[in-house]
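# Analysis of the macromolecular model
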Amino acid sequence: MAAAYEPTAFTNSYEFTQGTGYVLPEYPFVEPAEVRSGDVSKHPIVIVGGGLAGLTLACSLARYGVAAVLLDEDNTVGVKGAASRGICYTQKSLEIFHRLGIYERIAAKGIQWSVGRTFAGPHEVYSFDLRQQSAYNLSSQPPFINIQQFYLEAYLVDRVRELGQVQLRWCNRVTAFKQDDECATLTIATPSGEYRMRADYVIDATGCHSPFRAWVGASVTARKGDDRWCIADVRFTKRPPVERHTWIEAPFNENRAVWQHLMADNVWRIDYQMAPNADPEEVSREDVVRERLAHQFGRDCEIQIVWVGPYAYRSECIDRMRHGRVFFMGDSAKVVSPFGARGGNTGIADADNLAWKLAAVMKRRAAAALLDSYHEERHEAACQNVLVTNRTTRFLRPAAGAEKRFRDAALGLARQYAFARQLVNTGRMAIANPYTRSSACGASGGHPVQNVSFQWADGSKGTVNDLLQWVDGRLLLLLFGGLGRDTPPQLRALSQAAPVCCVQVLPGDEPANAVEHLRDPLGHLQGACQVFGRGWALVRPDSYVVACGERIDGALVRAVARAMGAPDLEQEAA
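What this report covers is the structure whose coordinates are included nearby. Computed from a predicted structure; not experimentally measured. (Residues numbered from 1 in each chain as written. Predicted model: local features only at pLDDT ≥ 70, side-chain atom pairs only at ≥ 80, totals over all residues. Heavy atoms only, no water.)

## Brief notes about the sheet that holds strand β7 (residues 144-146)
Pairing between sheet strands relies on hydrogen bonds along the backbone, with the strands arranged either parallel or antiparallel. The condition is simple: Strand pairing follows a simple DSSP-based rule, namely that at least 2 bridges must link the two strands. The numbering of helices and of strands both runs from the N terminus, where a helix is a DSSP run of H or I of at least 4 residues and a strand a run of E of at least 2. To get an axis, a line is fitted to the C-alpha atoms, and for a helix only the part in contact is used. The angle between two axes follows their N-to-C directions and goes from 0 to 180 degrees. Here a residue-residue contact requires only that any non-hydrogen atoms of the pair lie within 4.5 Å.
What the three strands build is an open sheet, ordered β3-β7-β4; its pairing is antiparallel. A strand with exactly one partner marks an edge of an open sheet, and here the two such strands are β3 (88-90) and β4 (111-113). Strand-to-strand twist in this sheet, taken as the mean axis angle between neighbours without regard to direction, amounts to 30°. Sheet strands in contact with helix α3 (residues 91-100) are β3 and β7, and its direction is about 75° off that of β3.

## Observations regarding the side chain of glutamine 149
For clarity, the cut-off: The rule is simple: take the accessible area with a 1.4 Å probe, protein chains only, and divide by the maximum for that residue type; under 20% is buried, over 50% is exposed, in between is partly exposed.
With respect to the helices and strands, glutamine 149 occurs in helix α5 (residues 149-163). For glutamine 149, a relative accessible area of 7% translates into the label buried. When near neighbours in sequence (up to four residues on either side) are disregarded, glutamine 149 contacts Leu52, Ser84, Arg85, Gly86 and Tyr89.

## Side note on the sheet that holds strand β21 (residues 461-463)
Taken in spatial order, the seven strands make up an open sheet running β21-β20-β24-β23-β22-β25-β26, and their pairing is mixed. Two strands lie at the open edges of the sheet, namely β21 and β26 (545-549), each paired on one side alone. Here the average twist between neighbouring strands, direction ignored, is 35°. Pairing geometry for strand β20 (residues 453-456) and strand β24 (residues 517-519), over two bridges, is antiparallel. Each bridged residue has a counterpart across the sheet, and for glutamine 455 the counterpart in β24 is arginine 519. Packed on one face of the sheet, helix α15 (residues 554-563) meets β22 (475-480), β23 (500-506), β25 (535-539) and β26 and runs near 10° to β25.

## Some points on the pairing of β23
Within a regular beta strand, the side chains point alternately toward one face of the sheet and then the other, so they alternate between its two faces. Across the seven residues of β23, seven count as buried, placing the element largely inside the fold. Summarising the sheet, β22 and β23 pair through six bridges and their orientation is parallel. Counterpart to leucine 476 in the pairing with β23 is cysteine 501. Sheet topology places β23 next to β24; three bridges connect them, and they run parallel. Looking across to β24, one finds that valine 505 is bridged to leucine 518.

## Quick word on the packing of aromatic side chains
Given two aromatic rings, one states the distance between the centres and the angle between the planes to describe the pair. Going by this rule: Classification of ring pairs uses Phe, Tyr and Trp, with its six-membered ring standing for Trp, and accepts pairs whose centres are within 6.5 Å; under 30 degrees between planes counts as stacked, over 60 as edge-to-face, and the remaining range as tilted. The rule for a charge over a ring is simple: NZ of Lys or CZ of Arg within 6 Å of the ring centre, and within 35 degrees of the ring normal.
For the structure on display, the rule yields 19 aromatic pairs. Each ring, one from phenylalanine 119 and one from tryptophan 247, has its centre 5.2 Å from the other, and the planes form 20°; the classification is stacked. Taken together, the residues span a long stretch of sequence, with phenylalanine 119 in strand β5 (residues 115-120) and tryptophan 247 in strand β13 (residues 244-250) at a distance of 128 residues. Per residue, the accessibility class of phenylalanine 119 equals that of tryptophan 247, and both read buried. One cation-aromatic arrangement involves arginine 63 over tyrosine 64; the distance from NZ or CZ to the ring centre is 4.8 Å. Looking at arginine 292, its charged tip hangs above the ring of tyrosine 272, at a distance of 5.4 Å from the centre.

## Let's talk about the environment of alanine 440
By secondary structure assignment, the location of alanine 440 is in the loop between α11 (402-414) and β20. Owing to a relative accessible area of 2%, alanine 440 belongs among the buried residues under this scheme. Separated by 121 residues in the primary sequence, alanine 440 and alanine 561 have C-alpha atoms spaced 8.6 Å apart. With sequence-adjacent residues up to four places away left out, alanine 440 is seen in contact with Leu370, Ser373, Glu376, Glu377, Arg540, Val546, Arg562 and Ala563.

## Quick look at the pattern of salt bridges
The following threshold applies: Any carboxyl oxygen of Asp or Glu within 4 Å of a side-chain nitrogen of Lys or Arg constitutes a salt bridge here.
Scanning the model with the defined rule gives 31 salt bridges in all. Measuring nitrogen to oxygen at the nearest pair gives 3.2 Å for the salt bridge that ties glutamate 286 to arginine 290. A residue pair is termed a helical-turn pair when its members lie 3 or 4 positions apart in one helix, as glutamate 286 and arginine 290 do in helix α8 (residues 286-297) at four residues. Glutamate 403 is paired through a salt bridge with arginine 394; the nearest N and O atoms lie 2.5 Å apart. Because the salt bridges share partners, they merge into one network encompassing Lys357, Glu377, Arg540 and Asp542.

Written out as structure tokens, the structure is:
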């Protein structure tokens, strides 16, 4: 039986990689008890895939105190042969990692950046500083941190172990699946034998080659282009600025695009756009890569190639992110070109979205119907990210005719006129996606709340994430301004009928008339919630606003019910 278990194979042409490589942690295989006993165990949640999305979900569930099992077919983090993989992590992802307790490790290891510069030929045509933009400048986390993906995954593994609750099973490959009205059943192969497991819910985080798509009959909308790149992770003696540099027509790459980023360990990521008919093995040869790097940085530059490999961009999106008991997330749900950091970051957001909903259902705080909103919200986000990245792809590799003429005109104008620089598209930098089609949000909600600062009642500093940690998976009701005489009894009734924690937010030193209160002298918390004047904002555990309002009335009660996938609570709270 043990001989039937094959080691994890290379994927996506990574067999052509070169370089000294990275040293990845390895985790021991532990024989599952079911192999020896022959029992079919039952678990509430089984996560399949120990990549970025799967481990983020596992860590989130552990933080909420929800039991789960994670199965991964390999014995390490990262993708076999893919080395660093993703490197650029958004403010929203960093805020999520802050809630999970690994942000400080990421900040200590990674590289913060906010300035990006775009060149066409030898000329700079566009630059930006994200710290000056309102979408980024209020959070306690920076706009971006660059760090190799396997570091994040290793930090998540360590944090899951610290928190408990979630079993991590390495070298456990799912080989068959079926589901019915009672449960899902998985067949799992291991180095020591095969066993079966049942689950209430299965989360597929196995990546773009997911077998679950075929097992559940999922349909996928896909688009494969001919845009090919060679990705090089290098150390060298010359140190460019700690900025995101992009070339649309790089003179040192046959007038094709180039990306340049610094990440952890003084390793630079250089992405070279290749000819559409480029041979993956040829472009990844070390001597070819060294010649390309010498052309860019000069022959006097000493170069160490850590890792290099080819990559072909494509986009695809599953048409439904929930099929019965199976939820698709990360690359299993959609694949986008990495422009603007909309790849792995969307998988992190998928996990954050689903985790609190599963926890609420498992703890009987919410109706099972709430889980349907996962598809509504994250599919909208996936479609938007596919659309945005496809537009970038077309700008960087325009078709002959109108697309090429448009790009040439945009670059020509951008060199002289500021208004044209917004037309230059080297990747619209990712921000948290709003939700406009969700049954779990009202018309006044669906927008994210940054991890802004405020003052606790004693004058010390707090953040939104501190509040979310305090409410522990419940809804957070923020009440801005003074409260009427009838308000406290109404709020007590609401808190008794639903999982809601209420906090009064005061702009200055005026007396509070609620036990739980804080102060927002700069108005950052109120602005982040998009509440103007007196009013309230109902915030979910994933730091999204359910709804806003001016008065404590039936609209608030309906918003709570909507957020929990529950029947109307108005009569219970009356």
